Amino acid sequence: MLCGSNSNYAPCVKIGEETAAQLMFVMGTNGGGLEHANWNQNLKLAIRIQQKANEMYPGLFKPMILRNSRYNQQVASGAAIIEVGATGNTLEQCHTSMKYLANVIDCVMKDCAEE
């Protein structure tokens with residue numbers, strides 16, 4: 001679903017009565033030749049979050065992008081870039097998506113603690 005005018009790209013999803021900006025993971029790897037030993041662990045966490053989001057709020061995430069750059073994701077375990085909407089999304093739509101993302105991450109972290 002695209003929101004906004006024809007001149008503004010605004011990927012969004014309806015969740016209940018609210019409109020949320022769509023999210024997208026941009027995940028780095030060691031494919032560019034720079035050391036990023038734990039990129040697989042970061043990717044696994046991003047996949048878990050996106051799968052849970054798809055269960056809870058279908059359409060909240062766009063497909064993930066995997067790149068041959070690190071984006072400083074080698075610095076910490078679980079590091080990721082999450083793009084929030086695009087140039088045509090409103091601040092309100094972005095805030096709405098953060099509310100839902102927080103619920104998803106909370107559920108994933110509780111699941112992780114139980115394993």
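This text follows the structure it describes.
Treat the numbers as computed from the prediction; the structure is a model and nothing was measured. Once a new chain begins, its residue numbering starts again from 1 and follows that chain's sequence as written. The model is predicted, so local features are restricted to residues of pLDDT at least 70 and side-chain atom pairs to those at 80 or more, both for listing and for counting; the totals for chains, interfaces and linings are taken over all residues. The basis for every side-chain value is the complete set of non-hydrogen atoms in the structure, without hydrogens or water.

Asks: Help me understand the overall build of the chain, please; the structure alone is not making it clear to me.
Replies: In this description a helix means any DSSP run of H or I spanning at least four residues, a strand means any run of E spanning at least two, and both kinds are numbered starting from the N terminus. Looking only at helices and strands, the chain features two helices and six strands. Secondary structure elements of the chain occur, N-terminal to C-terminal, as β-β-β-β-α-β-β-α. Each residue's exposure class comes from its accessible area (1.4 Å probe, protein chains only) as a fraction of the maximum for that residue type: buried when under 20%, exposed when over 50%, partly exposed otherwise. For the chain, the residues scored as buried account for 36% of the 115 residues in total.

Asks: Where do I start with the sheet that holds strand S5 (residues 65-67) in this structure?
Replies: What makes two strands pair is DSSP finding at least two bridges between them. Read from one edge to the other, the open sheet built from three strands follows the order S5-S4-S6, with strand pairing classed as mixed. The open sheet has two edge strands with one neighbour each: S5 and strand S6 (81-84). On average, each strand axis in the sheet is tilted by 25° relative to the strand beside it, whichever way the strands run. Here strand S4 (residues 23-28) runs beside S6; their pairing, made up of four bridges, is antiparallel. As a rule, the C-alpha atoms of each element are fitted with a line to give its axis, helices using only the stretch in contact, and angles between N-to-C directions run from 0 to 180 degrees.

Asks: So what exactly am I meant to see when it comes to the side chain of Thr29 here?
Replies: Tracing the sequence through the fold places Thr29 in the loop between S4 and helix H1 (39-56). Polar contact is defined as a pair of N or O atoms within 3.5 Å, subject to the rule that within protein one atom must be able to donate a hydrogen and the other to accept it, and that residues adjacent in sequence are counted only when both atoms are side-chain atoms. Of the polar contacts made by the side chain of Thr29, one reaches the side chain of Asn68; its length is 3.5 Å. We call two residues in contact whenever any of their non-hydrogen atoms come within 4.5 Å of each other. Once residues within four sequence positions are removed from consideration, Thr29 is found in contact with His36, Trp39, Leu66, Arg67, Asn68, Ser69 and Arg70.

Asks: Quick question: what am I supposed to make of the side chain of His36 here?
Replies: For His36, the position within the fold is in the loop between S4 and H1. Contact partners of His36, with chain neighbours within four places excluded, come to Gly28, Thr29, Asn30, Asn42, Arg70, Gln73 and Gln74.

Asks: Sorry, what's going on with the packing of aromatic side chains here?
Replies: Any two of the Phe, Tyr and Trp rings considered here, Trp counted by its six-membered ring, make a pair once their centres fall within 6.5 Å; the pair's planes then place it as stacked at under 30 degrees, edge-to-face at over 60, or tilted in between. Evaluation of the coordinates by the stated rule reveals two aromatic pairs. Relative to Phe61, the ring of Phe25 lies with its centre 5.0 Å away and its plane at 5°, an arrangement referred to as stacked. One end of the pair, Phe25, is in strand S4; the other, Phe61, is in the loop between H1 and S5, with 36 residues separating them in the sequence. Judged by its relative accessible area of 7%, Phe61 falls in the buried class.

Asks: Please clarify how the nonpolar core should be interpreted in this entry.
Replies: As a rule of thumb, nonpolar side chains are buried together in soluble globular proteins. We call a set of buried Ala, Val, Leu, Ile, Met, Phe, Trp, Tyr and Cys residues a nonpolar core when their side-chain atoms join them within 4.5 Å. Among the nonpolar cores identified, the biggest contains 18 residues, and Ile15, Phe25, Ile49, Tyr57, Leu60, Phe61 and Val104 are the most heavily contacted of them. The greatest single-element share of this core, amounting to five residues, is contributed by H1. If we ignore the near neighbours within four places in the chain, the residues touching Tyr57 are Ile15, Tyr100, Asn103 and Val104.

Asks: Quick question: what am I supposed to make of unusual backbone geometry here?
Replies: Residues other than glycine seldom take positive phi values, yet Tyr71 does so here, at roughly 55°. Turning to its location among the elements, Tyr71 is positioned in the loop between S5 and S6. In this model, Asn72 sits at a positive phi of 65°, which is unusual for a non-glycine residue. Examined against the element boundaries, Asn72 turns out to sit in the loop between S5 and S6. By relative accessible area, which is 57% here, Asn72 ends up exposed.

Asks: Would you mind showing me how to read the environment of Met56 here?
Replies: Within the secondary structure layout, Met56 lies in helix H1. With relative accessibility at 28%, the residue Met56 sits in the partly exposed group. Taking the C-alpha atoms as reference points, Met56 and Cys107, separated by 51 residues in sequence, lie 9.8 Å from one another. Apart from the residues within four sequence positions on either side, Met56 is in contact with Asn103, Val104 and Cys107.

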